[in-house]
There are 2 protein chains.
Amino acid sequence: MSTIHAEPLTAEAFAPFGDVLDIAGAPDKVINAGWCDRYHDRATLDFGPGGRAGISLFRARPRDLPYECDMLERHPEGSQAFIPMAPMRWLVIVAPDADGRPGAPRAFLPVEGQAVNFHRGTWHGVLTPLAEPGLFAVIDRIGDTPNLQECFLDEPFVVIS
Amino acid sequence: MSTIHAEPLTAEAFAPFGDVLDIAGAPDKVINAGWCDRYHDRATLDFGPGGRAGISLFRARPRDLPYECDMLERHPEGSQAFIPMAPMRWLVIVAPDADGRPGAPRAFLPVEGQAVNFHRGTWHGVLTPLAEPGLFAVIDRIGDTPNLQECFLDEPFVVIS
């Protein structure tokens, strides 16, 4: 079984797959009489022609490293943002598309204060906290048409830190 | 100067102003082979005819209780969700509309794991963390038309716990 190392989550490394949401760099605007920095409109949201934005909460049970991954999924009709509501360790797994199946996977370890937004149609692993409480706000597509493709891998892989 | 007590944040008490986002009660769906509970589509999002959803990050400096409030604002063109990215204490201030100005204000103290979504046009106080890190994801309207009305109060009020 192949093994991949989890990389630090940076906007540059993650760009082919989605957006990193964090407060690196200068704010776009200072509001509230100087009390608040606004990092404005940082995610490429796309809910397709028949969808709309929704906010859901996910509570996932923590996993451990090494983490064996045997399935990636994608949402052909919409982007999906995972926003941690506590500063826990968690894992982000993505892959480029290769003729309708996931290509070579990559894994990222966000630090405190980082969230991600997967671009529409991006192969990714399920929400994978590595610690409690596993609580995330999820901004994704609400709609009536199918929006989940799962791909079980011929060869699972293992993520290590 | 008048004084108001901050109340516990419950869905029922907050209903006239917006949605409480938390994992109270049963999940709407269990996903990821049983590893994750989904509390589905919990916010009434409304970005008006000329807007779209955006995800921004706000970093606000903490305030203290008692907190003196002399201004409330509203966004006539869109809802606004405040999602804490850390389990800090924070304050939510809202007021009903009274002929185009804020009526009697109310204040709420969320507990860990609670977020709020202000309905479109609801009078509310600015983002008010009571502790570090003051980091929130904000889901609100992105658009080119004016979407902020501020109302400076003739008589400020004080919020105590």
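Please refer to the structure placed before this passage.
Residues numbered from 1 in each chain as written. Chains lettered and ligands numbered in written order. Predicted model: local features only at pLDDT ≥ 70, side-chain atom pairs only at ≥ 80, totals over all residues. Heavy atoms only, no water.

Asker: Could you give an account of the overall build of chain A, naming the residues involved and the relevant values?
Answerer: For chain A, the helix and strand inventory stands at 1 helix and 16 strands. Relative to the 2.2 N^0.38 estimate, which gives 15 Å for 161 residues, the radius of gyration of chain A is 16 Å and therefore close to what a compact globule would have. Here the C-alpha coordinates of chain A stretch approximately 55 × 40 × 30 Å along the principal axes. Out of the 161 residues in chain A, the part that is buried amounts to 53%. A distance of 5 Å separates the average location of the 13 positive side-chain charges in chain A from that of its 22 negative side-chain charges. (Helix = DSSP H or I, 4+ residues; strand = E, 2+ residues; numbered from the N terminus. Rg over C-alpha atoms; globule rule 2.2 N^0.38 Å. Buried < 20%, exposed > 50% of the residue type's maximum accessible area, 1.4 Å probe, protein only. Lys, Arg positive; Asp, Glu negative; His and termini not counted. Charge placed at Lys NZ, Arg CZ, Asp CG, Glu CD.)

Asker: So what about the interface of chain B and chain A? Which residues, and what values?
Answerer: Accessible area lost during the coming together of the parts is what is often quoted as the interface size. Between chain B and chain A, the residue contacts involve 46 residues of the former and 46 residues of the latter. Both sides of the chain B and chain A interface together cover about 3800 Å² of buried area, and 62% of this is carbon and sulfur. It is B:Trp35, B:Ile55 and B:Leu57 in chain B that bury the most area against chain A; as a group they hold 20% of the surface buried on that side. Summed over the shared surface of chain B and chain A, the number is 4 salt bridges. In this structure, B:Asp140 and A:Arg38 form a salt bridge, with 2.9 Å as the shortest nitrogen-oxygen distance. Put simply, chain B and chain A have 17 residue pairs in polar contact (both at pLDDT 80 or more) between them. Elements supplying a minimum of two residues to the side of chain B that touches chain A: β4 (36-39), β5 (52-60), β7 (80-84) and β15 (135-142) of chain B. Counting residues per element, the side of chain B that touches chain A draws most heavily on β5(B), which supplies 9 residues. Here the residues of the side of chain B that touches chain A are counted per class, giving 27 nonpolar, 8 polar and 11 charged. (Contact = heavy atoms within 4.5 Å. Buried area = accessible area lost by both parts, 1.4 Å probe. Salt bridge = Lys/Arg side-chain N within 4 Å of Asp/Glu carboxyl O. Polar contact = N/O pair within 3.5 Å; in protein donor to acceptor, adjacent residues only side chain to side chain. Nonpolar A, V, L, I, M, F, W, Y, C, P; charged D, E, K, R; others polar.)

Asker: Which residues make up the pairing of β15(B), and what are the values?
Answerer: All names here are of chain B. Across the 8 residues that make up β15, a large majority, 8, are buried. Pairing of β5 with β15 involves 8 bridges; the strand directions are antiparallel. Bridge assignment links Ser 56 to a residue of β15, and that residue is Val 138. (Pairing = 2+ DSSP bridges.)

Asker: Describe the relation of the copies chain B and chain A, naming the residues involved and giving the relevant values.
Answerer: Screw-axis analysis of chain B against chain A gives a translation of 0.0 Å along the axis, an RMSD of 0.0 Å, and a rotation angle of 180°. Taken together, these values place the two copies in the relation of a two-fold axis. Most of the interface of chain B is mirrored in chain A, where 100% of its interface residues are also at the interface. (Least-squares fit on C-alpha atoms with pLDDT ≥ 70 in both.)

Asker: Could you give an account of the nonpolar core, naming the residues involved and the relevant values?
Answerer: Counting 30 residues, the largest nonpolar core has A:Ile55, A:Ile83, A:Ile139, B:Ile55, B:Ile83 and B:Ile139 as the members making the most contacts within it. Elements supplying a minimum of two residues to this core: β5 (52-60), β7 (80-84) and β15 (135-142) of chain A together with β5, β7 and β15 of chain B. Each residue touching B:Ile139, except ones within four places of it in the same chain, is listed here: A:Ile55, A:Ile83, A:Ile139, B:Phe47, B:Gly54, B:Ile55, B:Ser79, B:Gln80, B:Ala81 and B:Ile83. (Core = buried A, V, L, I, M, F, W, Y, C linked by side-chain atoms within 4.5 Å.)

Asker: Talk me through the sheet that holds β7(A); I want residue IDs and the actual numbers.
Answerer: Here 7 strands make up an open sheet; going across it, the order is β2(A)-β12(A)-β7(A)-β15(A)-β5(A)-β4(B)-β3(B) and the pairing antiparallel. Each having just a single partner strand, β2 (18-21) of chain A together with β3 (29-31) of chain B make up the two edges of the open sheet. The mean angle between the axes of side-by-side strands here comes to 25°, regardless of whether they run parallel or antiparallel. The pairing of β5(A) with β4(B) spans 4 bridges and is classified as antiparallel. Within β4(B), the position partnered with A:Arg59 by the bridge is B:Asp37. (Axes fitted to C-alpha atoms, helices over the stretch in contact; angles between N-to-C directions.)

Asker: Give me the pairing of strand β16 (residues 149-160) of chain B: which residues, what numbers.
Answerer: The pairing of strand β1 (residues 2-8) of chain B with β16(B) spans 4 bridges and is parallel. From the neighbouring strand, B:Ile4 faces β16(B), where its bridge partner is B:Val159.

Asker: Give me the sheet that holds strand β2 (residues 18-21) of chain B: which residues, what numbers.
Answerer: Strand order in the open sheet formed by 7 strands is β3(A)-β4(A)-β5(B)-β15(B)-β7(B)-β12(B)-β2(B), with antiparallel pairing between adjacent strands. Each edge of the sheet is formed by a strand with only one pairing partner; in this case those strands are β3 (29-31) of chain A together with β2 of chain B. Going across the sheet, the axis of each strand differs from the next one's by a mean of 25°, ignoring polarity.

Asker: Please provide a residue-by-residue account of the side chain of B:Gln114, values included.
Answerer: Looking at where B:Gln114 falls in the secondary structure, it is placed in the loop between β11 (106-109) and β12 (115-118). Of the polar contacts made by the side chain of B:Gln114, one reaches the backbone oxygen of B:Leu9; its length is 3.1 Å. For B:Gln114, the side chain forms a polar contact with the side chain of B:Asp22, separated by 3.2 Å. Discounting chain neighbours no more than four positions away, the residues touching B:Gln114 are A:Met85, B:Leu9, B:Val20, B:Leu21, B:Asp22, B:Pro84 and B:Trp90.

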